[in-house]
Amino acid sequence: MNQTERQLLSHCTLCPRSCGVNRMAGERGYCGAGIQVEAARAALHRWEEPCIAGSRGSGTVFFSHCTLGCVFCQNEPVSHGGAGIGIDEQRLAAIFLELQEQGAHNINLVTPTHYLPQIRSAARLARDGGLVLPFVCNCGGYERAESVALLADTVSVWLPDFKYASARPAGRYSAAPDYPERALEALEAMVKQAGPPQFDEKGLLVRGVLVRHLLLPGQLADSMQVVRMLAERFSGRILLSLMSQFTPMPGCTARFPELGRLVNPRHYRALVDFAVSLGAFDCYIQEPSASDSAFIPSFLGQGILPKDGPAIGMDPVEKPGQEQGRH
């Protein structure tokens, strides 16, 4: 990392929580991340939208910890507990190159916000080593516009969530009642930076913004408001992906019983019909069968450590355990 990137970690305000902790001195804020990058999986992922996954898969790197911490996260041990393996920037750069060698269409950074300085550094190393693939930033949407700007020279495609339209569910499920305001600000910055969607000859998204929204049980009204807000602000400038794959997690449903069921298929269809009626953007949808474990990859440290064993600066943070779900 260069001096500017180190300074970002010495008083960390990478996400809207703006903890201000000195991660260079070993302090950890809300997300739980330290100075070393931790990751739980690096592999080809074929379950993204067709314009991201293509025919060969997206080269996804799933990072440990999370700035948002949604209670319904299907990958709680990784995002909340920090299960993963510690790696240095040289190893992260090598992972990017290995994914390219495996045939990935892009490098997909999953939940990366708290590691933006290290990722920028690793991306430069990888480019110097021959990486030519575009970077996709796959984030929770709870971002600072200033952090979006940090990736202007790195990320070509933004793949953010837009989870809530109102403060009540945002506060209850993500402890972030300011989520709607922060997500709108960040999305404006992403769209300004990336421009309108651009595709290559194979139909892959090579530049632009694709916004995801996951319908939660009992939250149809809020979801419709999300779609309306996006249509009013970003008509013709973004792609939209409406997701029905919510899966109840035991640790969540004990505290939030309203999340203890699958999404009502009629509600999902109503949301899709509403989005189509607005005519504001192209929209990806999921089949009803998408709400099952078929979209849950295993998080066993695949692709994180080099095949010939750990390198200097790489320490196991937590031994991989049973399969966990994606968030």
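Residues numbered from 1 in each chain as written. Predicted model: local features only at pLDDT ≥ 70, side-chain atom pairs only at ≥ 80, totals over all residues. Heavy atoms only, no water.

Side note on the packing of aromatic side chains
Item 1. Considering all chains together, one arrives at eight aromatic pairs under this definition.
Item 2. Taken together, a centroid distance of 5.8 Å and an interplanar angle of 50° make the contact between phenylalanine 63 and tyrosine 115 tilted. Placement of phenylalanine 63 in strand E2 (residues 58-63) and of tyrosine 115 in the loop between strand E4 (107-110) and helix H5 (116-128) is noted, with a sequence separation of 52 residues between them. Comparing phenylalanine 63 with tyrosine 115, the two get one shared label, buried.
Item 3. Ring pairs connect the aromatic residues Phe72, Tyr173, Phe246 and Phe256, which therefore count as one cluster.
Item 4. Directly above the aromatic system of tyrosine 30 lies the positively charged group of arginine 17, at a separation of 3.8 Å from the ring centroid. (Phe/Tyr/Trp six-rings, centres within 6.5 Å; stacked < 30°, edge-to-face > 60°. Helix = DSSP H or I, 4+ residues; strand = E, 2+ residues; numbered from the N terminus. Buried < 20%, exposed > 50% of the residue type's maximum accessible area, 1.4 Å probe, protein only. Lys NZ or Arg CZ within 6 Å of the ring centre and 35° of its normal.)

What to know about empty space enclosed by the protein
Item 1. Here the structure, examined in full by the defined rule, presents four cavities of 30 Å³ or more.
Item 2. Roughly 100 Å³ of volume is contained in the second largest cavity.
Item 3. The wall of the second largest cavity is formed by 14 residues, among which Cys12, Cys15, Cys19, Cys31 and Thr67 lie closest to the centre.
Item 4. In terms of residue class, the lining of the second largest cavity is made up of seven nonpolar, five polar and two charged. (1 Å grid on protein atoms, 1.4 Å probe; cavity = no way out; pocket = protein on both sides within 12 Å on 5 of 7 lines; lining within 4 Å. Points joined across faces, edges and corners; volume = space filled by probe spheres on them. Nonpolar A, V, L, I, M, F, W, Y, C, P; charged D, E, K, R; others polar.)

Brief notes about the pattern of salt bridges
Here the idea is simple: oppositely charged side chains can pair when their charged atoms come close.
Item 1. Applying the stated rule across the entire model yields 14 salt bridges.
Item 2. Here arginine 212 ties to glutamate 48 by a salt bridge, and the two come within 2.3 Å at their closest N and O atoms. Here the residue arginine 212 occupies a position in strand E8 (residues 205-214), and glutamate 48 occupies one in the loop between strand E1 (37-45) and helix H2 (50-53), the gap between them amounting to 164 residues. Across the pair, glutamate 48 and arginine 212 agree in class, each one buried. (Salt bridge = Lys/Arg side-chain N within 4 Å of Asp/Glu carboxyl O.)

Concerning the nonpolar core
Item 1. Core analysis: the biggest nonpolar cluster contains 82 residues, and Phe72, Phe96, Phe162 and Leu230 have the highest contact counts within it.
Item 2. With nine residues, helix H8 (residues 179-194) is the largest single contributor of residues to this core.
Item 3. Counting residues in hydrophobic clusters, the runner-up holds eight residues, among them Cys51, Leu159, Leu210 and Leu239. (Core = buried A, V, L, I, M, F, W, Y, C linked by side-chain atoms within 4.5 Å.)

Digging into the packing of H8 against helix H9 (residues 220-234)
Item 1. Two numbers describe how H8 lies on H9: the axes approach to 12 Å, and their chain directions differ by 40°. Relative to H9, the element H8 is oriented oblique. For H8 against H9, the interelement crossing comes out right-handed. Contact with H8, carried on its side by Leu184, Leu187, Glu188 and Val191, involves Met229, Leu230, Arg233 and Phe234 of H9 and no other residues of that element.
Item 2. Among the residues making up the contact of H8 with H9, the classes are represented as six nonpolar, no polar and two charged. (Axes fitted to C-alpha atoms, helices over the stretch in contact; angles between N-to-C directions. Parallel < 35°, antiparallel > 145°, perpendicular 65-115°, else oblique. Left-handed = near helix turned anticlockwise from the far one by under 90°. Contact = heavy atoms within 4.5 Å.)

As for the environment of valine 276
Item 1. With respect to the element layout, valine 276 can be found in helix H11 (residues 265-278).
Item 2. The class of valine 276 is exposed, set by a relative accessible area of 58%.
Item 3. C-alpha of valine 276 to C-alpha of valine 227: the two residues are 49 residues apart in sequence and 10.0 Å apart in space.

Purely geometric numbers; function is a separate question.
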